[in-house]
Amino acid sequence: MRFHTENEFDNFDFRESYLQGIVQMSGSFRATIDQVKIKPENSKNRDIRMMRTNNLELHIADAVVTSIVEEGIKIYNADEVLQQEIPDRVLDESEYTDLYQSLEGCEIYNIEKKDGTYLFLIDGEERSYLIHVQGSGDTQDWDRFMNLEQM
């Protein structure tokens, strides 16, 4: 049985989940995510307790990626003396596809929604990335509920 919700973003907890992949097309942004927690308030959660799922497809309608920021880092030596500081960098749109592929399997620190903008904070292999996606709404699709303890 396939479960489907519309505009229930706040009824999921994306902290400490894992990105399977991102597909961005004209007006559409789709992320497939593992280890997503489903809150008791979710309209499809009949158990009325925190559950989880894998292969959740988060689709953002009328999506526009407004920016992707590669977070800066500070490099210290063994004596805790700052050796190098690399500032935040806004990626060029031509870099998005390669980045999406490199982030497959990476941990998602969190996904938040603020004023129609979805903020994806993802821990890449060497750096963290903040993806800003504006959209008019969201849908979520997944196949099954699993106990939270089975993680």
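These figures come from a predicted structure and were not determined experimentally. (Residues numbered from 1 in each chain as written. Predicted model: local features only at pLDDT ≥ 70, side-chain atom pairs only at ≥ 80, totals over all residues. Heavy atoms only, no water.)

### Quick look at the environment of Ile 48
Piece 1. Mapped onto the elements of the fold, Ile 48 is located in the loop between strand E5 (36-38) and strand E6 (51-53).
Piece 2. Residue class for Ile 48 comes out exposed when judged on its relative accessible area of 65%.
Piece 3. Spatially, the C-alpha atom of Ile 48 lies 37 Å from that of Ser 67, the residues being 19 residues apart in sequence. (Helix = DSSP H or I, 4+ residues; strand = E, 2+ residues; numbered from the N terminus. Buried < 20%, exposed > 50% of the residue type's maximum accessible area, 1.4 Å probe, protein only.)

### Considerations on the pattern of salt bridges
Piece 1. Applying the stated criterion to the full structure yields 10 salt bridges.
Piece 2. Close ionic contact of Glu 95 with Arg 89 constitutes a salt bridge, the shortest N to O distance being 3.1 Å.
Piece 3. Glu 95 gets classed as partly exposed once you look at its relative accessible area, which sits at 26%.
Piece 4. As a salt-bridge pair, Lys 113 and Asp 138 come within 3.5 Å of each other at their nearest N and O atoms. Here the residue Lys 113 occupies a position in strand E11 (residues 107-114), and Asp 138 occupies one in strand E14 (residues 137-142), the gap between them amounting to 25 residues.
Piece 5. For Asp 138, a relative accessible area of 3% translates into the label buried.
Piece 6. Salt bridges sharing common partners tie together Arg 2, Arg 30, Glu 57 and Asp 143. (Salt bridge = Lys/Arg side-chain N within 4 Å of Asp/Glu carboxyl O.)

### Details of the pairing of E14
Piece 1. The buried fraction of E14 is high, at six of six residues.
Piece 2. Strand direction decides the pairing type here: strand E1 (residues 3-6) and E14, joined by four bridges, are antiparallel. Bridge pairing in E14 links Thr 5 to Gln 140.
Piece 3. The sheet contact formed by strand E7 (residues 56-70) and E14 spans five bridges and is antiparallel. Bridge pairing in E14 places His 59 opposite Thr 139. (Pairing = 2+ DSSP bridges.)

### Regarding the packing of aromatic side chains
Piece 1. In this structure the tally under the stated criterion is 10 aromatic pairs.
Piece 2. Each ring, one from Phe 29 and one from Tyr 100, has its centre 6.2 Å from the other, and the planes form 80 degrees; the classification is edge-to-face. Taken together, the residues span a long stretch of sequence, with Phe 29 in strand E4 (residues 27-34) and Tyr 100 in helix H1 (residues 96-102) at a distance of 71 residues.
Piece 3. Given a relative accessible area of 1%, Phe 29 falls into the buried group.
Piece 4. Using a relative accessible area of 5% as the deciding quantity, one classes Tyr 100 as buried.
Piece 5. By way of ring pairs, the aromatic residues Phe 3, Phe 9, Phe 12, Phe 14, Tyr 118, Trp 142 and Phe 145 are connected into one cluster. (Phe/Tyr/Trp six-rings, centres within 6.5 Å; stacked < 30°, edge-to-face > 60°.)

### Side note on the nonpolar core
Piece 1. Of all hydrophobic cores here, the largest spans 33 residues; its most connected members are Phe 14, Phe 29, Ile 33, Ile 68, Phe 120, Ile 131 and Val 133.
Piece 2. Here the element with the most residues in this core is E7; it accounts for six residues.
Piece 3. If near-sequence neighbours (up to four positions away) are discounted, Phe 14 is found in contact with Phe 9, Ile 33, Val 36, Leu 56, Leu 58, Ile 108, Tyr 109, Asn 110 and Ile 111. (Core = buried A, V, L, I, M, F, W, Y, C linked by side-chain atoms within 4.5 Å. Contact = heavy atoms within 4.5 Å.)

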